[in-house]
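# Working through the structure, step by step
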Amino acid sequence: MKKISYIVSRIFEMDYSSFFKTIKKVKEKSKKNSLFIFFDMVVCMICYGSGYNDYYCFGMYDLNHEQRKTILTRGKNNTYVAMLNPKEYWHFYDNKNEFNTMYNDYLKRKWLYLKDSSLEEFKKWLDNTKEFIAKPNNDSGGHGIEKISVSDFNNLEEVYSYLIDKELLLLEELVVQHKTLSKIYAGSVNTLRIITILRDEKVYFVTTFLRIGNHGFVDNSCSGGMLTMVDMETGVTLYPACDFELNVFERHPVTNTKIEGIKIPFFKESKDLCETLAKDFTKLKYIAWDVAITENGPVIIEGNPYPGYYYQFPIHCPNKVGALPIFKDILGK
């Protein structure tokens, strides 16, 4: 019954303009007939719980039935989120001020929630800071985040008004990343995404990937960035990077740095940090953690109670097996 409800909701909520654009992109990649692609997308939605973006991004047009069954699709991811993360507790992570309050000791940077702060408190927090990050308090995917330079304004009153007007209410000190990650691309803080599941008081690591910016100051793949998978034991990047449009980058287009084979500094410490955080608040059991690496070790950026699943790009799944078997190993069928 839940599966039928999901399919019906997808039919009514679907962006049909994007749907048909995706069919066109699949046709260009696969050279298959548009009508075949249309019906195959519908089959995948019914049989595997996939959306049309899943079909494109995970190369499902190039997979057989057994391979398709291994993909963590939107429908299957939704099932795990519903099972492990009761929605009444999402606000602790979705609202960045609540998250920062809960995990303040692990942030290692100053921050301010502007909604609870006066102009004078803002000035005091700013002190001699010339640049800082301003975020919407409850957005995700890197949307709406701005890097604020005080010198772009006439005075601090103008900065304060700008932030209030644009509802950029969560302010944070800039994170200075490790030189190894700056070498890849210095225009953004390139973060580790570490996904964990808490079961029976034990933390399991689902997967880890490195998110890298590209001509912007955020590293999210849905905002123009790219990613590559990281070996869970060694902390070494495994493949070239890939973005949401399936562009593959053996080297970063800005710095020409080779993506595969990079040893991530403080990788074990990053995993240890996520394990500690996962055990600290047990109401939510399936979390995607964003971790920045500084010269002094890892710091937490945020936690996500709806972990994204767009890390199963074909270039990163050379054996054509997706992430679902990992979930089944941890949670059972």
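Note that the structure is a prediction, hence the values are computed from the model and not measured.

Reading the values: the criteria
Residues numbered from 1 in each chain as written. Predicted model: local features only at pLDDT ≥ 70, side-chain atom pairs only at ≥ 80, totals over all residues. Heavy atoms only, no water. Helix = DSSP H or I, 4+ residues; strand = E, 2+ residues; numbered from the N terminus. Buried < 20%, exposed > 50% of the residue type's maximum accessible area, 1.4 Å probe, protein only. Contact = heavy atoms within 4.5 Å. Pairing = 2+ DSSP bridges. Axes fitted to C-alpha atoms, helices over the stretch in contact; angles between N-to-C directions. Parallel < 35°, antiparallel > 145°, perpendicular 65-115°, else oblique. Nonpolar A, V, L, I, M, F, W, Y, C, P; charged D, E, K, R; others polar. Core = buried A, V, L, I, M, F, W, Y, C linked by side-chain atoms within 4.5 Å. Polar contact = N/O pair within 3.5 Å; in protein donor to acceptor, adjacent residues only side chain to side chain.

The helix and strand inventory of the protein chain stands at 14 helices and eleven strands. Dimensions of the protein chain along its principal axes, counting C-alpha atoms only, are 60 × 45 × 40 Å. Residue burial in the protein chain is summarised as follows: out of 333 residues, 51% are buried. Counting contacts in the protein chain only where the partners sit at least 6 residues apart, residues at least 24 apart contribute 63% of the total.

We now examine the sheet that holds strand β1 (residues 111-113). Spatially, four strands are ordered β1-β4-β2-β3 in an open sheet, and the strand pairing comes out antiparallel. The two strands at the open ends of the sheet, each matched to only one other strand, are β1 and β3 (146-149). Each neighbouring strand pair of the sheet contributes to a mean axis angle of 25°, computed without reference to strand direction. Direction of pairing for strand β2 (residues 131-135) relative to strand β4 (residues 170-172): antiparallel, over a ladder of three bridges. Each residue of the ladder has a partner; that of lysine 135, found in β4, is leucine 170. Each of β1, β2 and β4 touches helix α10 (residues 119-126); the most contacted strand, β1, lies at about 170° to it. Together, β2, β3 and β4 form the strand contacts of helix α11 (residues 156-165), whose direction differs from that of β3 by roughly 165°.

Take the packing of α10 against α11 next. Interhelical geometry of α10 versus α11 gives an angle of 110° and a closest axis separation of 10 Å. By the angle between their directions, the pair α10 and α11 is classed as roughly perpendicular. Contacts between α10 and α11 involve Leu119, Phe122, Lys123 and Leu126 from the former and Leu156, Glu157, Val159, Tyr160 and Leu163 from the latter. Here the contact of α10 with α11 is composed, by residue class, of seven nonpolar, no polar and two charged.

Attention shifts here to the environment of leucine 126. If you trace the backbone, leucine 126 turns up in helix α10. Overall, leucine 126 belongs to the buried group, its relative accessible area being 1%. Sequence-wise, leucine 126 and glutamate 172 are 46 residues apart; in three dimensions their C-alpha atoms are separated by 9.9 Å. When residues no more than four places from it in sequence are discounted, the contact partners of leucine 126 are Lys110, Phe132, Val150 and Leu156.

On to unusual backbone geometry, then. Negative phi values dominate among residues other than glycine, just as trans dominates among peptide bonds. With phi around 55°, aspartate 127 is a residue other than glycine that occupies positive phi space. Here aspartate 127 shows up in the loop between α10 and β2. When its relative accessible area of 56% is taken as the criterion, aspartate 127 is described as exposed.

With that settled, the discussion passes to the nonpolar core. Counting residues in each nonpolar core, the largest one holds 91 residues, and the members touching the most others are Phe122, Phe132, Leu163, Trp289 and Tyr311. With six residues, strand β10 (residues 286-294) is the largest single contributor of residues to this core. Setting aside chain neighbours within four positions, we find tyrosine 311 in contact with Phe58, Leu72, Ile195, Val206, Thr207, Phe209, Leu227, Met229, His316, Ala323 and Phe327.

Glancing now at the side chain of asparagine 77. Among the secondary structure elements, asparagine 77 is positioned in helix α6 (residues 74-84). The exposure class assigned to asparagine 77 is buried, which follows from its relative accessible area of 0%. Within the structure, the side chain of asparagine 77 is placed 3.0 Å from the backbone oxygen of proline 307, a separation counted as a polar contact. Sequence-distant contacts of asparagine 77, that is, excluding residues within four places in its chain, are made with Leu72, Tyr286, Tyr306, Pro307 and Tyr309.

Further remarks concern the sheet that holds strand β6 (residues 202-212). In spatial order, the strands read β9-β8-β7-β6-β5-β10-β11; together these seven strands make up an open sheet with antiparallel pairing. The outermost strands of the open sheet, each flanked by one partner alone, are β9 (248-249) and β11 (297-304). Two strands pair when backbone bridges link them, and strand β7 (residues 226-229) and strand β8 (residues 241-243) are joined in this way by two bridges, in the antiparallel orientation. Bridge pairing links leucine 227 to cysteine 242 in β8. Taken strand by strand, helix α13 (residues 267-280) contacts β5 (192-199), β6, β10 and β11, and its axis lies near 40° from that of β5. Of the strands in this sheet, β5, β6 and β10 are in contact with helix α14 (residues 324-331), which crosses β5 at around 30°.

Geometric descriptors of this kind do not, in isolation, establish any biological role.
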